[in-house]
Amino acid sequence: SQQGEEDPQALSIQEGENATMNCSYKTSINNLQWYRQNSGRGLVHLILIRSNEREKHSGRLRVTLDTSKKSSSLLITASRAADTASYFCAVRYNFNKFYFGSGTKLNVKP
Amino acid sequence: DTEVTQTPKHLVMGMTNKKSLKCEQHMGHRAMYWYKQKAKKPPELMFVYSYEKLSINESVPSRFSPECPNSSLLNLHLHALQPEDSALYLCASSQLGTSGGGQETQYFGPGTRLLVL
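Remember, predicted model here, so these are calculated numbers, not experimental data. (Residues numbered from 1 in each chain as written. Chains lettered and ligands numbered in written order. Predicted model: local features only at pLDDT ≥ 70, side-chain atom pairs only at ≥ 80, totals over all residues. Heavy atoms only, no water.)

Participant: I keep staring at the sheet that holds strand β7 (residues 64-70) of chain B and nothing clicks. Help me out?
Facilitator: Strand pairing in a sheet relies on backbone hydrogen bonds, with the paired strands running either antiparallel or parallel. All names here are of chain B. Ordered in space as β1-β3-β8-β7, the four strands form an open sheet in which the pairing is antiparallel. Whereas interior strands pair on both sides, the edge strands pair on one side only; in this sheet they are β1 (4-7) and β7. The mean inter-strand angle of the sheet, taken between neighbouring strand axes irrespective of direction, is 20°. (Pairing = 2+ DSSP bridges. Helix = DSSP H or I, 4+ residues; strand = E, 2+ residues; numbered from the N terminus. Axes fitted to C-alpha atoms, helices over the stretch in contact; angles between N-to-C directions.)

Participant: Got a minute to help me understand the sheet that holds strand β7 (residues 61-66) of chain A in this structure?
Facilitator: Residues and elements named next belong to chain A. One open sheet holds the five strands; their spatial order is β1-β3-β8-β7-β6, and the pairing between them is antiparallel. The sheet terminates laterally at β1 (5-7) and β6 (55-58), the two strands that pair on one side only. Averaged over neighbouring strand pairs, the angle between their axes works out to 15° when direction is ignored. Relative to β7, β6 is paired through four bridges, and the arrangement is antiparallel. Counted as the bridge partner of S58 is L61 from β7.

Participant: I tried to follow the environment of B:Q37 on my own but got confused; where do I start?
Facilitator: Relative to the helices and strands, B:Q37 resides in strand β4 (residues 31-37). Each C-alpha atom of the pair B:Q37 and B:Y89 lies 6.2 Å from the other, and the pair is 52 residues apart in sequence. Setting aside residues no more than four positions away along its own chain, B:Q37 makes contact with A:Q37, A:F88, B:P42, B:P43, B:A87, B:L88 and B:L90. Here A:Q37 takes part through its side chain, which lies 2.8 Å from a polar atom of the side chain of B:Q37. For B:Q37, the side chain forms a polar contact with the main-chain oxygen of B:K41, separated by 2.9 Å. (Contact = heavy atoms within 4.5 Å. Polar contact = N/O pair within 3.5 Å; in protein donor to acceptor, adjacent residues only side chain to side chain.)

Participant: Where do I start with the nonpolar core in this structure?
Facilitator: The nonpolar side chains of a soluble globular protein tend to be buried with one another. A:M21, A:L32, A:W34, A:L74, A:I76, A:Y87 and A:L106 are the most contacted members of the largest nonpolar core, which totals 24 residues. Put simply, the parts of the chain that give this core at least two residues each are β3 (19-24), β4 (31-37), β5 (43-50), β7, β8 (71-76), β9 (85-92) and β11 (104-109) of chain A. With four residues, β9(A) is the largest single contributor of residues to this core. Not counting residues within four places of it along the chain, the set of residues in contact with A:I76 comprises A:E17, A:N18, A:A19, A:M21, A:R60, A:L61, A:D83, A:Y87 and A:L106. In terms of nonpolar packing, the next biggest core, distinct from the first, is built from 23 residues, B:C23, B:L74, B:A87 and B:V116 among them. (Core = buried A, V, L, I, M, F, W, Y, C linked by side-chain atoms within 4.5 Å. Buried < 20%, exposed > 50% of the residue type's maximum accessible area, 1.4 Å probe, protein only.)

Okay, structure coming up:
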């Protein structure tokens, strides 16, 4: 499978804490993206990092990419109850092929 | 308008039925995608259309037949499905680069939840 792996599978934290989730993939990529999915609904794009970038920020989100280790991490700072969702990394290998990681289910308790 | 719409929201069909899922976007995107998502699993790529032509078929069974009538519409025709095909079917669209390669952000519709009895 070309899909990535994510860990942890599930994460439960208190509001205000930081949440970190990790993604690993198998072969060289063009870019890596993170998406959020609320309970069986459509996915929402969060942030994209290109293969020649190492770190990127967007609001409370921080993404890192280590191409030598074929891994990425997503950090959500000062989490809120509204951040409760499943988070997926997606890697783009070539042209239009996107493969999603196994996902991390985040629960932020108020 | 950054919305991708999908109809119907829910669909129940028997194994001998023929039905179609519809997807529409008005963002001028020239790449459109179908994904299948089983419960507690990530989306799995099924088909990709670029400039209204099928560019990727991820070895999907022929009981699923995609169609792209124009640059705004994407259909998925269903025939003789199996109960294991029950899933959330997601449509997405994105821009295309000048080389024809996919561009970054995919915009997803809310999905059609399909139950095959």
